[in-house]
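Coordinate analysis (summary)
The lines below spell out each chain.
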Amino acid sequence: MSFISLVNVSRIFGNNENRTVALSGVSFSAEKGEFVVILGASGAGKTTLLNIIGGMDVASEGKYTVNGEDITALDSAGLTTFRRDKVGFVFQFYNLMPNLTAIENVELACAHAKERIPAREALSAVGLAHRFNHFPSTLSGGEQQRVSIARAIAKKPEILLCDEPTGALDSMTGKNILSVLKNLSREGERCVLIVTHNANIAQMADRVIRLSDGKIISDEVNPSPKDVEEIEW
């Protein structure tokens, strides 16, 4: 049994003449330790798919399971618990609390987590041991993104979802962030999924899923993932 499994998942908004199919019959699986890149142009359905995997939205049709648990069968309270205990989110725009230091941002995010690692340990894991007490306004874009990653991993999620995590960063900083994320997939016994339109990132993925018009048009295992230093930007 796969760790993550989606079978014929569709997401439909509205009805009749206002009906919009955001996802149609999406099926794929992923395992812990995998670094998965989901590619697609704007409007392809990437964010809708990410929201369903993260429990922020529910499928209209199909089945989504995590480690054998049927997530599509959960009610609102169950989805809240799933998000809290199993999923970490990293967004393009860091969504940090500006009046809190780096360590306080991390501590706040995992305050109600079932399991957690110390905020100092999470920040050290992303190379910010020297920035614990700095406010977001005094951090670079790359450092703010690292805080957001530390915030996501502090509650020990089994699934780490990243929505265009390098979209607001320059190439060097973006590569540093990708290196951190790939290392987390290898060392942390978690599945890391990145949604992006940047096809170059696919070169370092274990699995590459391409979406178009709400459908998977390819799902390929990369036999020789490149190191981040090797990819073009």
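Below you will find a few notes about this structure. (Residues numbered from 1 in each chain as written. Predicted model: local features only at pLDDT ≥ 70, side-chain atom pairs only at ≥ 80, totals over all residues. Heavy atoms only, no water.)

Take the nonpolar core next. Ranked by size, the top nonpolar core spans 42 residues in total, and within it Leu123, Ile149, Leu160 and Leu181 carry the most contacts. Contributing elements (two or more residues each) for this core: strand S3 (35–39), helix H3 (102–109), helix H4 (119–125), helix H5 (141–153), strand S7 (159–163), helix H6 (171–187) and strand S8 (191–196). Residues Phe3, Leu6, Val26 and Ala44 belong to the second largest nonpolar core, which totals 30 residues. (Core = buried A, V, L, I, M, F, W, Y, C linked by side-chain atoms within 4.5 Å. Buried < 20%, exposed > 50% of the residue type's maximum accessible area, 1.4 Å probe, protein only. Helix = DSSP H or I, 4+ residues; strand = E, 2+ residues; numbered from the N terminus.)

This brings us to the side chain of Asn105. Within the fold, Asn105 resides in helix H3. A polar contact is formed between the side chain of Asn105 and the backbone nitrogen of Met97, at a distance of 2.7 Å. (Polar contact = N/O pair within 3.5 Å; in protein donor to acceptor, adjacent residues only side chain to side chain.)

Glancing now at the state of the cysteines. Per the counting criterion, the structure on display carries zero disulfides. Sulfur of Cys162: no disulfide; nearest cysteine sulfur belongs to Cys191 and is 10 Å away. According to the relative accessible area criterion, Cys162 is buried, its value standing at 0%. Relative accessible area serves as the criterion here: at 0%, Cys191 is assigned to the buried category. (Disulfide = S-S within 2.5 Å.)

Another aspect to go through is the packing of aromatic side chains. As enumerated under the stated definition, the model contains two aromatic pairs in all. Arranged with centres 6.4 Å apart and planes meeting at 80°, the rings of Tyr64 and Phe82 form a pair that is edge-to-face. Taken as a pair, Tyr64 in strand S4 (residues 61–66) and Phe82 in helix H2 (residues 76–86) lie far apart in primary sequence, 18 residues in all. Phe82 carries the same exposure label as Tyr64, and that label is buried. Each ring, one from Phe89 and one from Phe91, has its centre 6.0 Å from the other, and the planes form 5°; the classification is stacked. On the accessibility criterion, Phe89 (15% relative accessible area) is buried. Taking NZ or CZ as reference, Arg11 lies 4.1 Å from the ring centre of Phe13, over its face. (Phe/Tyr/Trp six-rings, centres within 6.5 Å; stacked < 30°, edge-to-face > 60°. Lys NZ or Arg CZ within 6 Å of the ring centre and 35° of its normal.)

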